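Inside the fold
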Amino acid sequence: MKHIIIGTAGHVDHGKTMLVKALTGIDTDRLREEKERGISIELGFASLELPGNLQAGIVDVPGHERFIKNMLAGVGGIDMVILVIAADEGIMPQTREHLDIIQLLQVNKGVVAVTKSDLVDDEWMDLVEEDIKEFLAPTPLAAAPLIKVSALTGSGLGELKSALAREAAGLTPRSSAGRARLPVDRVFTVTGFGTVVTGTLLAGRMHIGDQVEIIPDKITSRIRSLQVHGQKSEFAEAGQRVAVNITGVEVEQIERGSVVAAPGILKPSFRLDVKLTLLESAPRPLRQRARVRLYLSTAELLGRVILLDREELKPGETTYVQLRLEKHAVAAKGDRFVIRTYSPMLTIGGGTIIDPAPKKHRLGQKDIIGSLATREKGTPPEIVRQHLELAGAKPVTELDLIKATGYSRDEIISALKALEASREAKGIPADNQNLYVSRAIYDSWKQTLGALLSAYHREHSLREGYPREEIRSRYFHHFSAKLFPALLNEMEREGLIKVYAQTVALPDHLPEPDPELAARLIQLENTFLENLFMPPAWPEACRMYGLDESAGQEVLQYFLRLNKLVKIADNLYLHSEAITRARQSVLDYLKEHGEISIGEARDVLSTSRKFTLPLLEYFDRERTTRRVGDLRVPGRAAEINSK
């Protein structure tokens, strides 16, 4: 079954609510004040089955000028309109304002219902019809069917239903492929169930048990139950009127204008980049920083208009602007909106969201108009490429791009594949997701890292490589410590670098000394070999071969990494050959005697207590020996090796 949302529009007391009741049997005036005054104040809702397997949700809106903000909260999610014009009064002020609003929201399908047709004669009706056709001629509803009806007598209702079905048949259904997004137009409590919100599901699907996020306050909740067009359901699809019973949230925490959505897909923002049209009927130009009322989906917000290429926008003109708001807005790219003057309240314009969470712009900012034009009209690959360029050195994820562009995940993946194929984007595998940057940025990183490593290897030829964390913090701070390894792994996969546990090097780098230094290192190593158990202190050894403190530390780290020297205590190093021989000598003694004292070990190794005690403590740490009082006995490692 195809689902559509139909909204009413028209002047106060032209019979919108009576017409909806005649069509559906539902009285949408639910408030006592509405009954007493005979006019709609709040939004009303009804369900209507139409020929052709169509299920329509009808949003009945107030017609009084004082309640335009309520009307706007109801028409944000409609697919087509019933423009209601009373035969006895014809076109009135709110008829004009409502038509301006539905045009600004690009509701281009509809039917004109001429109500109270039983109250006028044929001659008067002909005049009214002619007036209506002339009124609608310059609008998208110029060809809309015009049906004469009477809610009192029932005449024309069947013809109206047929006309609605014909017009609805040409509508493209809303896509349920994206993630769920429902702007809230009502919130209330049901005894025994808790908080319920209602609205039109603009995108995606909702299922009982789904986790949801209530934005802009980022409250997490879960769907306890669902109703679609007043009937219990296990799920809801885009284009349906939905009542959602949510858990763990108080009524006071939600208001009209909040959005219930799949977690993580929408980003609240105090700024919106938009394409704005000022109506020709606007009484005056819109000046820089004018304060306006913004109507976006079901939300009403106050903000200021920042004109980016001029100081004022004249009636009938269209341009790109940035709206700076006094409260967070929740929007997606492509959403329509309406603006009204702050005071007195008058509808003056509207347009389309280009970027729902932009950076701050200023008048005359270079290339901003061209950038916004690309975001509005560009293909998905063009728009994704632009977002990658704007992100610069900051990697983005698929979810980041979904939030920024309003595209579905499939559209984003397709665009990224196209950009990777044309070498305009680069994907970097990281844990359970990919990171993306522009190819130009990635290539600049390769050049930067190659130059860094080349210079580092020249200056520190004995080192294994450049410390990884130092590279990240100094040159790649846009990557977290957790994600930086993903970039290094990708560059290593491409053969650009070699990644070690703590360092990074060029793939052909071998840490080795130049010929002159190599000769001194051989002599230095021989000194430790010739004095296995009584070597000189390291600073002394360096002085013997003309190495200053800095060079000495380089050589020491080189020897330690190659396992030529072994640190057995602070400032005490032995050649690895000394460790091997000492270990074997101690084990041989233990095999014969079962235990060994410091003095006995000193005699076995022909050294002094200065070296013997640290060496035995080193063997304790590696479990070759185990200390018992002042003696050593075979340790766990020795016992295992003897078996």
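Residues numbered from 1 in each chain as written. Predicted model: local features only at pLDDT ≥ 70, side-chain atom pairs only at ≥ 80, totals over all residues. Heavy atoms only, no water.

Next up on the list: the overall build of the protein. When its secondary structure is counted, the protein shows 20 helices and 34 strands. Its C-alpha atoms give the protein principal-axis dimensions of about 130 × 55 × 40 Å. Put simply, the protein has 643 residues, and 51% of those count as buried. Taking all contacts inside the protein whose residues are at least 6 apart in sequence as the whole, residues at least 24 apart take part in 66%. Taking the average place of the 84 positive charges on the side chains of the protein and the average place of its 86 negative ones, the gap between the two points comes to 3 Å. (Helix = DSSP H or I, 4+ residues; strand = E, 2+ residues; numbered from the N terminus. Buried < 20%, exposed > 50% of the residue type's maximum accessible area, 1.4 Å probe, protein only. Contact = heavy atoms within 4.5 Å. Lys, Arg positive; Asp, Glu negative; His and termini not counted. Charge placed at Lys NZ, Arg CZ, Asp CG, Glu CD.)

Now for helix 14 (residues 515–530). Its 16 residues give helix 14 an end-to-end C-alpha distance of 23 Å, which sits within 8% of 22 Å, the value for a rise of 1.5 Å per residue. Among the residues of helix 14, those classed as buried are Leu517, Leu521, Leu524, Glu525, Thr527 and Phe528. One side of helix 14 holds all its buried residues, which, seen down the axis, span an arc of 145°. Those residues of helix 14 that are exposed and angled more than 90 degrees off the buried face are Pro515, Glu516, Ile522 and Glu530. Its buried side turned inward, helix 14 meets helix 15 (538–544), helix 16 (549–561), strand 30 (565–569) and strand 31 (572–575). (Expected span 1.5 Å × (residues − 1). Arc of directions from axis to C-beta.)

Let us now look at the sheet that holds strand 4 (residues 80–86). One open sheet holds the 6 strands; their spatial order is 2-3-1-4-5-6, and the pairing between them is mixed. Each edge of the sheet is formed by a strand with only one pairing partner; in this case those strands are strand 2 (44–50) and strand 6 (146–148). In this sheet, neighbouring strand axes are inclined to one another by 25° on average, regardless of whether the strands run parallel or antiparallel. Two strands pair when backbone bridges link them, and strand 4 and strand 5 (residues 110–115) are joined in this way by 6 bridges, in the parallel orientation. Among the inter-strand pairings, Val81 is bridged to a residue of strand 5, identified as Gly110. Each of strand 4, strand 5 and strand 6 is contacted by helix 5 (residues 122–136), which is oriented at about 150° to strand 5, the strand it contacts most. (Pairing = 2+ DSSP bridges. Axes fitted to C-alpha atoms, helices over the stretch in contact; angles between N-to-C directions.)

Next up on the list: the nonpolar core. Ranked by size, the top nonpolar core spans 32 residues in total, and within it Leu83, Val112, Ile132, Leu136 and Leu141 carry the most contacts. For this core, the elements supplying multiple residues, two or more each, are strand 1 (2–10), helix 3 (68–75), strand 4, helix 4 (93–104), strand 5 and helix 5. By residue number, the principal contributor to this core is helix 5, which donates 5 residues. What Leu83 contacts, discounting residues up to four positions off in sequence, is Ala9, Thr95, Leu99, Val111, Val112, Ala113, Leu136 and Leu141. In terms of nonpolar packing, the next biggest core, distinct from the first, is built from 25 residues, Ala46, Leu50, Ile82 and Ala168 among them. (Core = buried A, V, L, I, M, F, W, Y, C linked by side-chain atoms within 4.5 Å.)

What follows covers the pairing of strand 4. Sheet faces and side chains relate simply in a regular strand, where the side chains alternate between the two faces. Of all 7 residues in strand 4, 7 are buried, a share of seventy percent or more. Residues of strand 4 alternate between two faces, with Met80, Ile82, Val84 and Ala86 on one and Val81, Leu83 and Ile85 on the opposite face, all of them buried. As judged from the 5 bridges shared by strand 1 and strand 4, these two strands associate in the parallel manner. Within strand 4, the residue paired with Ile6 across the bridge is Met80.

Spatial strand order, 17-22-20-19-23-24: 6 strands in a closed barrel with antiparallel pairing. Geometrically, the sheet is characterised by an average inter-axis angle of 45° between neighbouring strands, direction not taken into account. Of the strand pairs in this sheet, strand 23 (residues 336–341) and strand 24 (residues 347–355) are connected by 5 bridges, and their pairing is antiparallel. By the bridge assignment for strand 24, Ile339 is matched with Gly349.

As a further point, take a positive patch on the surface. Together, Lys218, Lys267, Lys359 and Lys394 line one region of the surface with positive charge. Inspection of the secondary structure assignment puts Lys267 in the loop between strand 16 (259–261) and strand 17 (269–278). (Patch = residues over 30% accessible without salt bridge, like charges linked within 9 Å, V, L, I, M, F, W, Y side chains within 5 Å. Areas by Shrake-Rupley, 256 points an atom, 1.4 Å probe, with all protein chains shown as cover. Salt bridge = Lys/Arg side-chain N within 4 Å of Asp/Glu carboxyl O.)

What follows is about the pattern of salt bridges. This model, assessed by the stated rule, comprises 32 salt bridges. Here Lys109 and Glu167 are joined by a salt bridge, their closest N and O atoms 3.9 Å apart. Here Glu167 lies in helix 6 (residues 157–169) and Lys109 lies in the loop between helix 4 and strand 5, a separation of 58 residues in the sequence. For Lys109, a relative accessible area of 30% puts it in the partly exposed group. Its salt-bridge partner being Glu376, residue Lys275 comes within 3.2 Å of it at the nearest N-O pair. Highlighted residues: Lys275 in strand 17 and Glu376 in helix 7 (residues 368–377), separated in sequence by 101 residues.

Attention shifts here to the packing of helix 8 (residues 380–391) against helix 9 (residues 398–405). Geometry of a packed helix pair, given as the angle between the helix axes and the separation of the axes. Put simply, helix 8 and helix 9 touch, their axes get as near as 11 Å, and they point 110° apart. Taken together, helix 8 and helix 9 sit at an angle that is classed as roughly perpendicular. In this structure, helix 8 meets helix 9 at a crossing whose hand is right-handed. Contact residues: helix 8 offers Ile383, Val384 and His387, while helix 9 offers Leu401, Ala404 and Thr405. Across the contact of helix 8 with helix 9, the residue classes break down as 4 nonpolar, 2 polar and no charged. (Parallel < 35°, antiparallel > 145°, perpendicular 65-115°, else oblique. Left-handed = near helix turned anticlockwise from the far one by under 90°. Nonpolar A, V, L, I, M, F, W, Y, C, P; charged D, E, K, R; others polar.)

Turning next to the confidence of the model for the protein. Across the protein, pLDDT averages 89, with 95% of residues at or above 70. Below pLDDT 50 for its whole length, residues 30–41 participates in 28 contacts with residues either more than four positions away or in separate chains. (pLDDT = per-residue confidence, 0-100.)

Residue position: Glu234 is located in the loop between strand 13 (231–233) and strand 14 (235–237). On the basis of relative accessibility, which here comes to 58%, the residue Glu234 falls in the exposed class. As for Glu234 and Ile208, which are separated by 26 residues in sequence, their C-alpha atoms are 5.8 Å apart. In this structure Glu234 touches Met206, His207, Ile208 and Leu226, once residues within four positions along its chain are discounted.

You can see Gln94 is positioned in helix 4. Residue Gln94 is classed as buried on the basis of its relative accessible area, which comes to 7%. There is a polar contact of 3.0 Å between the side chain of Gln94 and the side chain of Glu97. (Polar contact = N/O pair within 3.5 Å; in protein donor to acceptor, adjacent residues only side chain to side chain.)

To continue, consider the packing of helix 14 against helix 16. Packing of helix 14 against helix 16 brings their axes to within 12 Å, and their N-to-C directions diverge by 65°. What the angle tells us is that helix 14 and helix 16 run roughly perpendicular. Every pair of crossing elements has a handedness; the one defined by helix 14 and helix 16 is right-handed. Mapping the contact onto sequence places Leu521, Leu524 and Glu525 in helix 14 and Val555, Tyr558 and Phe559 in helix 16. The residue makeup of the contact of helix 14 with helix 16, split by class, is 5 nonpolar, no polar and 1 charged.

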